[in-house]
Amino acid sequence: MKRIRSICAALAAVCLLLTACAAPEDAAPNGSRPPAAAPGAGEQASEWDAVRAAGADEAPSNAPSAADAAEPTKPTEEPAAVKACRIVSGAEEGRLLLAGLEENGGGLYRLSTEGLPIEGATELRSGMVVEVAYNGLIWESYPASFGEPSGLTVREGAADDRCALYLRALNDLWEADPALNSGIDLIGLDLSETSLTEAEQQAVAWAFGEAHALPVTDDVSERIRKNENGFSQLENSCAFSIREEGEKNRSDVVFSVTKWQSSLAAYGWVHCTAGQDKDGFWSSYERGPAVAA
């Protein structure tokens, strides 16, 4: 009986030893648990495991490559600068004289349309507002010019060729009583009593002077002299002016256009009228009564 008890105790000791030496199927060495997957990497890890199990040589198609990770992100190319301007003259020749539309003066620009794509109109006309795309640089000539212009877009419904209307009136007056502006070397031009912006006034002055190959100024006071009879007169100059009557910026306009060389030499038309059509362009004006001195 004692012998049987000894055998049973020995068998129990062997079972305990075998149980202590056996490791759980999911246990790591030294009794630690397997590391958890990185946050957000569960699906990718599973796909990689499937690839390894299948013995494939290539990574899954949606897995980032080392080359992709190393390639720097390309910066987004800056869009070209855009400046809104009104065409004052030169549309037919493709050599535009433009008045900027900024509130702080706008500026005066020259632009050739040769080779430039034009959107929004089949042809350009004086009075249209165009958006000029360029590289952001302005060449400081006078008129100024755009750095690397790349295209024009015509603004719909923004046309107003009042500048062209007043240029027609000024050039007509130049031809009337030509003795007043014969032999001069300077033109005076006052447009301050019109609804034209500062930039549009500058553009009209430039176009008028360019048409007659003479410099233009808005102040000829330094040229005023007294003759032997005490009358005021301009020395080698003639002063032109346009003055709108009544409310400004109407779709119909009444204006006077005059030129003055001395107290005894002046000419012009008063109460001239013109109307603006639904597209923003002005009709030919009707001359009012002539005045002379």
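Please read these numbers as outputs of a predicted model, since none were measured by experiment. (Residues numbered from 1 in each chain as written. Predicted model: local features only at pLDDT ≥ 70, side-chain atom pairs only at ≥ 80, totals over all residues. Heavy atoms only, no water.)

1. Looking at the pattern of salt bridges
Here comes step 1: The full count for this structure, using the stated rule, is eleven salt bridges.
Here comes step 2: Ionic pairing is found between E102 and K83, a salt bridge with its closest N-O pair at 2.6 Å. Of this pair, E102 sits in the loop between β2 (95-100) and β3 (108-112) while K83 sits in strand β1 (residues 81-89), and the two are 19 residues apart along the sequence.
Here comes step 3: Residue classification places E102 among the partly exposed residues on the basis of a relative accessible area of 31%.
Here comes step 4: Ionic pairing is found between E244 and R162, a salt bridge with its closest N-O pair at 3.4 Å. Here the residue E244 occupies a position in strand β13 (residues 237-245), and R162 occupies one in helix α4 (residues 162-175), the gap between them amounting to 82 residues. The two residues E244 and R162 agree in class, both being buried.
Here comes step 5: Look at the salt bridges and you will find they share partners, linking R95, R110 and E210 into a network. (Salt bridge = Lys/Arg side-chain N within 4 Å of Asp/Glu carboxyl O. Helix = DSSP H or I, 4+ residues; strand = E, 2+ residues; numbered from the N terminus. Buried < 20%, exposed > 50% of the residue type's maximum accessible area, 1.4 Å probe, protein only.)

2. Concerning the side chain of K259
Here comes step 1: Mapped onto the elements, K259 comes out in strand β14 (residues 252-262).
Here comes step 2: Buried charge K259 goes without a salt bridge, the closest partner of opposite sign being D177 at 5.9 Å.
Here comes step 3: From its side chain, K259 meets the backbone oxygen of L173 in a polar contact 2.9 Å long.
Here comes step 4: Within the structure, K259 has its side chain in polar contact with the backbone oxygen of A176 (distance 2.5 Å). (Lys, Arg positive; Asp, Glu negative; His and termini not counted. Polar contact = N/O pair within 3.5 Å; in protein donor to acceptor, adjacent residues only side chain to side chain.)

3. So, the nonpolar core
In a soluble, globular protein the nonpolar side chains are often hidden away together inside.
Here comes step 1: In this structure, V204, F240, F255 and V257 are the most contacted members of the largest nonpolar core, which totals 39 residues.
Here comes step 2: No other element matches the eight residues that α4 contributes to this core.
Here comes step 3: Counting residues in each nonpolar core, the second largest holds 19 residues, with M128, V130, Y134 and A159 among its members. (Core = buried A, V, L, I, M, F, W, Y, C linked by side-chain atoms within 4.5 Å.)

4. A few points about the packing of aromatic side chains
Here comes step 1: One pass over the structure, following the stated rule, counts nine aromatic pairs.
Here comes step 2: Aromatic side chains Y109 and F146 sit 4.9 Å apart centroid to centroid with 20° between the ring planes, which places their arrangement in the stacked category. Highlighted residues: Y109 in strand β3 and F146 in strand β7 (residues 145-146), separated in sequence by 37 residues.
Here comes step 3: For the ring pair Y134 and F146, a centre distance of 5.1 Å and an interplane angle of 55° mean the geometry is tilted. Note that Y134 is positioned in strand β5 (residues 129-134) and F146 in strand β7, a separation of twelve residues in sequence. (Phe/Tyr/Trp six-rings, centres within 6.5 Å; stacked < 30°, edge-to-face > 60°.)

5. Regarding the confidence of the model for the protein
Here comes step 1: Considering every residue of the protein, the mean pLDDT works out to 81; 72% of them sit at 70 or more.
Here comes step 2: Predicted confidence is poor over residues 1-54, with pLDDT under 50, and the contacts of this stretch with residues over four places away or in other chains come to 14 contacts. (pLDDT = per-residue confidence, 0-100. Contact = heavy atoms within 4.5 Å.)

6. A closer look at a negative patch on the surface
Here comes step 1: Judged by side-chain charge, D190, E193, D218, D219 and E222 come together as a negatively charged surface patch.
Here comes step 2: If you trace the backbone, E193 turns up in strand β9 (residues 186-193).
Here comes step 3: For E193, a relative accessible area of 40% gives the class partly exposed. (Patch = residues over 30% accessible without salt bridge, like charges linked within 9 Å, V, L, I, M, F, W, Y side chains within 5 Å. Areas by Shrake-Rupley, 256 points an atom, 1.4 Å probe, with all protein chains shown as cover. Charge placed at Lys NZ, Arg CZ, Asp CG, Glu CD.)

7. Points about α4
Here comes step 1: Between its first and last C-alpha atoms α4 spans 20 Å; for 14 residues at 1.5 Å apiece the expected length is 20 Å, and the two agree.
Here comes step 2: Taken across its 14 residues, α4 has ten buried, putting it largely inside the fold.
Here comes step 3: Buried residues of α4: R162, C163, A164, L165, Y166, L167, A169, L170, L173 and W174, and no others.
Here comes step 4: Where α4 is buried, its residues contact β1, β9, α5 (198-211), β13, β14 and β15 (265-275).
Here comes step 5: D177 sits one or two positions beyond α4 and adopts a positive phi of about 50°. (Expected span 1.5 Å × (residues − 1).)

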